[in-house]
Every structure is written in structure tokens, then in C-alpha cells.
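Fold and geometry: a report
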Amino acid sequence: MRLDKRADDQLRPIKIQLNVIKQALGSCYFEMGKTRVIAATYGPQEVHPKHIEESDKCILMCNYNMLPFSVDGNRKKPGYDRRSVEISKVVREALEPAVFTEEYPRCAINIDMQIIQADAGTRVAAINATSLCLCCAGIAMRDIVVSVAVGRANKKILVDLTKQEEDADDAIDMPIAIMPREKKITLLQMDGIASIDEIKEIINKSFIACDELSKIHRAVLNKNISNI
Ligand code: CDP
């Protein structure tokens, strides 16, 4: 039994609220246990600066940020850092294969993600929130993107690790994002050292957890938006 009483394969409780930001084209509040994020989409709109625009597709401009009060202990220094630049990039790369970017040439789709509370898995929560945001905004997509972190802590393979589990001495953390319809992986990162068997088990469990997440996402979208 884990400290929060979950089974090893169990996701943290998920809470999703769509269209929470009035002025955004699409927005989403996404909660995975104590990890909480708000994401909002603007566009398709003109690209700034102009020289980065692409003639045959749109660019996704993703901005991940962790608010100063989102972390335990000391307040985080406000603003962007190396970590937020890396996560903004991996979120963009996780989403891009799912978007019909060629439908919006010379445009930018801006996606802002604010982590309001962090307890591990903020990048995967941000990917779930942004994918739902794009759906709300009516952006043409091949599939939704769902994401979860599976890893090892205290010699066990665990789904959706908390910060306390991630801090275990033997911890491995593998965030993964999947387009469930095509079963295509769009993000795979790993912290720690794992055996081939452990990697296989982690990937298998990630697919199962993503399947469950995708059902939750589709149910929320069906309830809020028609024609999904
Ligand atoms: O959040 P995620 O697991 O995607 O990324 P990470 O870089 O592996 O961070 C793991 C966790 O460390 C975060 O979710 C936060 O709970 C915590 N963290 C923190 O307390 N202060 C930071 N400046 C960065 C991360």
C-alpha cells in the first residue's frame, strides 16, 4: 500500500474543468492529486516575431511556468528558468504530432501553462491540460494526447508517482505521452537507471494508465463539447 493508500497501478484522483478562462479560446484546469495546472490557448493568430513563422504550418508556442507558491518549502524564484524552457519544449513536441498544423499556415497557436501546485508530474499534467485546451479551442486534431509518469520507488513499479515517491533513493521516473488511437508515443523521458525488464514494465503500465486517462478525457469532452 502506498502512503496515499493507492494501489501500485492506480492514478491519483483526476479533476478536470474546461473553459475556466473567459478570454481564452480554450482553457482547462487539470488536477492529478496535489498537482494542479491551468492551461489556456490563444490563436491561431499572427506570429511574433514574424521571422519565425512557417509558410506551410502553424507553430505551437508553449510556455510552461511554475508559480512561486506552487512548491513545498521555500517559495520558488519567480519567472522562467532552464527547467521551464525544457518543459515548454517537450510539451510542444508531445502535442505537435496530434495537431493538423498544416491547417493553419503562417500562424501561431499560443499555449500558456501555469503550475499552481506541484507534487511531481507537472509536465504530464501540463500535457493533459493543453491537449484538452486545444480540443476546447476547436483546433483540428488527429487525436487527443494523454500523459502519465510511471516509475520505480522502494523497489516497486508505481503509476503516477508523487514527489515523496520520486524522492526515494532508488527512484526512476518516466514521463510518457501517448496518442491513444494510434498508440503512438509522443514523449518519453527518464530519470534514473532501469533494467530493460523494468523499462518494458513501465511502458506497459503507462499504456494501461493512458488508456484509462483517455477515457476520462473523452468523457469530459463529450459532456462539454459535441462532435468529439
Ligand atoms: O514536475 P515534473 O515531475 O514533470 O518535473 P521534475 O523536474 O522531475 O520535478 C519533480 C517535482 O519536483 C515537481 O513536480 C515539484 O514537485 C518539485 N520541484 C520543486 O519542488 N521545485 C522546483 N523548482 C522544481 C521542481
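Below: a short report on this structure.

Rules of the game
Residues numbered from 1 in each chain as written. Predicted model: local features only at pLDDT ≥ 70, side-chain atom pairs only at ≥ 80, totals over all residues. Heavy atoms only, no water. Salt bridge = Lys/Arg side-chain N within 4 Å of Asp/Glu carboxyl O. Near = heavy atom within 4 Å. Polar contact = N/O pair within 3.5 Å; in protein donor to acceptor, adjacent residues only side chain to side chain. Areas by Shrake-Rupley, 256 points an atom, 1.4 Å probe, with all protein chains shown as cover. Helix = DSSP H or I, 4+ residues; strand = E, 2+ residues; numbered from the N terminus. Nonpolar A, V, L, I, M, F, W, Y, C, P; charged D, E, K, R; others polar. Phe/Tyr/Trp six-rings, centres within 6.5 Å; stacked < 30°, edge-to-face > 60°. Lys NZ or Arg CZ within 6 Å of the ring centre and 35° of its normal. Buried < 20%, exposed > 50% of the residue type's maximum accessible area, 1.4 Å probe, protein only. Pairing = 2+ DSSP bridges. Axes fitted to C-alpha atoms, helices over the stretch in contact; angles between N-to-C directions. Parallel < 35°, antiparallel > 145°, perpendicular 65-115°, else oblique. Left-handed = near helix turned anticlockwise from the far one by under 90°. Contact = heavy atoms within 4.5 Å.

Overall, the coordinates contain 18 salt bridges when judged by the stated rule. Here Glu 182 makes a salt bridge to Lys 184, at a shortest N to O gap of 3.9 Å.

Around the ligand lies a shell formed by Met 66, Val 71, Arg 83, Ala 118, Asp 119, Ala 120, Gly 121, Thr 122, Arg 123, Lys 163 and Glu 166. Taking Arg 83, its side chain carries an N or O atom lying 2.7 Å from an oxygen atom of the ligand. Within the backbone of Gly 121, one N or O atom sits 3.0 Å away from an oxygen atom of the ligand. Protein contact buries 77% of the 510 Å² of open area that the ligand shows by itself. Looking at the shell around the ligand, the elements that each hand over two or more residues are helix 2 (122-136) and helix 3 (163-166). Grouping the amino acids of the shell around the ligand by side-chain chemistry returns four nonpolar, two polar and five charged.

Time to look at the packing of aromatic side chains. Tallied over the full model, the rule gives zero aromatic pairs. Positioned above the aromatic ring of Phe 100 is the side chain of Arg 142, whose terminal nitrogen or guanidinium carbon lies 4.3 Å from the ring centre.

The element strand 2 (residues 26-32) is extensively covered by neighbouring structure, given that seven of its seven residues are classed as buried. Of the two faces of strand 2, the one lined by Gly 26, Cys 28, Phe 30 and Met 32 and the one lined by Ser 27, Tyr 29 and Glu 31 are each fully buried. Two strands pair when backbone bridges link them, and strand 1 (residues 14-18) and strand 2 are joined in this way by five bridges, in the antiparallel orientation. Counted as the bridge partner of Gln 17 is Tyr 29 from strand 2.

This next bit is on the packing of helix 1 (residues 82-95) against helix 2. The N-to-C vectors of helix 1 and helix 2 enclose an angle of 45°; their axes lie 10 Å apart at closest approach. In terms of orientation, helix 1 and helix 2 fall into the oblique class. Handedness of the crossing formed by helix 1 with helix 2: right-handed. Along its contact with helix 1, which presents Arg 83, Glu 86, Ile 87, Val 91, Ala 94 and Leu 95, the element helix 2 presents Thr 122, Arg 123, Ile 127, Thr 130, Ser 131 and Leu 134. Across the contact of helix 1 with helix 2, the residue classes break down as six nonpolar, three polar and three charged.

The next point concerns the sheet that holds strand 5 (residues 107-117). To summarise the sheet geometry, strands pair through backbone hydrogen bonds and adopt either a parallel or an antiparallel arrangement. Here five strands make up an open sheet; going across it, the order is 1-2-3-5-4 and the pairing mixed. Here the strands that pair on one side only, and so sit at the sheet edges, are strand 1 and strand 4 (59-66). Pairs of neighbouring strands in the sheet enclose a mean axial angle of 15°, with direction left out of account. Across nine bridges, the pairing between strand 3 (residues 35-46) and strand 5 is antiparallel. Counted as the bridge partner of Arg 36 is Gln 117 from strand 5. Contacts from helix 2 reach strand 1, strand 2, strand 3, strand 4 and strand 5 within the one sheet, and its direction differs from that of strand 2 by about 150°. Along the sheet, helix 4 (residues 196-224) contacts strand 1 and strand 2; its crossing angle with strand 1, the most-contacted strand, is approximately 30°.

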